[in-house]
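Residue-level listing of the chains:
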Amino acid sequence: MKRLTILFALCLTMALPAHAGGDLTRQTPNVVEVNLGSETGEMVFQPSKLEFETGKLYRLVLINNSPHPHYFSSVGLARSVFTRKAQTYAPNGDRTAEIKGQIQEIEVFPGHRAEWWFVPVQTGEFNDLVCSVSGHEEAGMTGSIKIY
């Protein structure tokens, strides 16, 4: 009888579908806002030091209230995350695009914002956050990112 019970339990578990521990991209996101430049035209990331934790979903909101277009570019970050999506928004709040796949840099036009949804999957410290518009990095638009 004991052998029959074990055999029945084994057959039952083989017939049931396997489930993963959960879809990390469907968590409630941790929202991090970064201002690209300033309203007065300063070439800065505010904040310029960002920290993320592996395994958590982030919605990185990039806000450009400056009179200049700006890039958010970090090769280290791009190589260390799984991107769920990126979205762009017009000044009136209308969503203008949704992008899927690997992201390396995002340009945000004056008065617009963008969101990058990602899950960090690898730890590291990166001092490669820059705005790649000509002259902006040299004017101080740099930053650092830590993933722990």
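Per chain, residues are indexed from 1 in the order of the written sequence. Selection of residues for local features in this predicted model requires a pLDDT of at least 70, selection of side-chain atom pairs for listing and counting requires 80 or more, and totals for whole chains, interfaces and linings are taken over all residues. The side-chain values count all of the structure's non-hydrogen atoms but skip hydrogen atoms and water molecules.

Visitor: Explain the sheet that holds strand β2 (residues 45-46) to me, and be specific about the residues and the numbers.
Guide: Two strands make a pair as long as DSSP finds a minimum of two bridges between them. We count a stretch as a helix when DSSP gives it H or I for four or more residues in a row; a strand needs E for two or more, and each element gets its number in order from the N terminus. One open sheet holds the six strands; their spatial order is β2-β1-β4-β9-β6-β7, and the pairing between them is mixed. Two strands in the sheet have a free side with no partner beyond their single neighbour: β2 and β7 (95-99).

Visitor: Describe in detail the pairing of strand β3 (residues 49-52), supporting the description with residues and values.
Guide: Relative accessibility decides the category of a residue: with a 1.4 Å probe and only protein chains considered, values under 20% of the type maximum give buried, values over 50% give exposed, and everything between is partly exposed. Residues of β3 alternate between two faces, with L50 and F52 buried on one and K49 and E51 left unburied on the opposite face. Here four bridges tie β3 to strand β11 (residues 142-147), and the two strands are oriented parallel to one another. In the strand pairing of β11, K49 is matched with S144.

Visitor: Could you give me a rundown of the packing of aromatic side chains, with the residues and numbers involved?
Guide: The criterion for an aromatic pair is that two Phe, Tyr or Trp rings (for Trp, the six-membered ring) have centres within 6.5 Å, with stacked assigned to planes under 30 degrees apart, edge-to-face to planes over 60 apart and tilted to the rest. For the coordinates displayed, the defined rule picks out six aromatic pairs. Relative to F118, the ring of F52 lies with its centre 5.2 Å away and its plane at 75°, an arrangement referred to as edge-to-face. With F52 in strand β3 and F118 in strand β9 (residues 113-120), this residue pair connects regions lying 66 residues apart in the sequence. A single burial state applies to F52 and to F118, both of which are buried. Centre to centre, the rings of W116 and F118 are 5.2 Å apart; their planes meet at 65°, and the pair counts as edge-to-face.

Remember that the coordinates give geometry; whether it matters functionally is a separate question.
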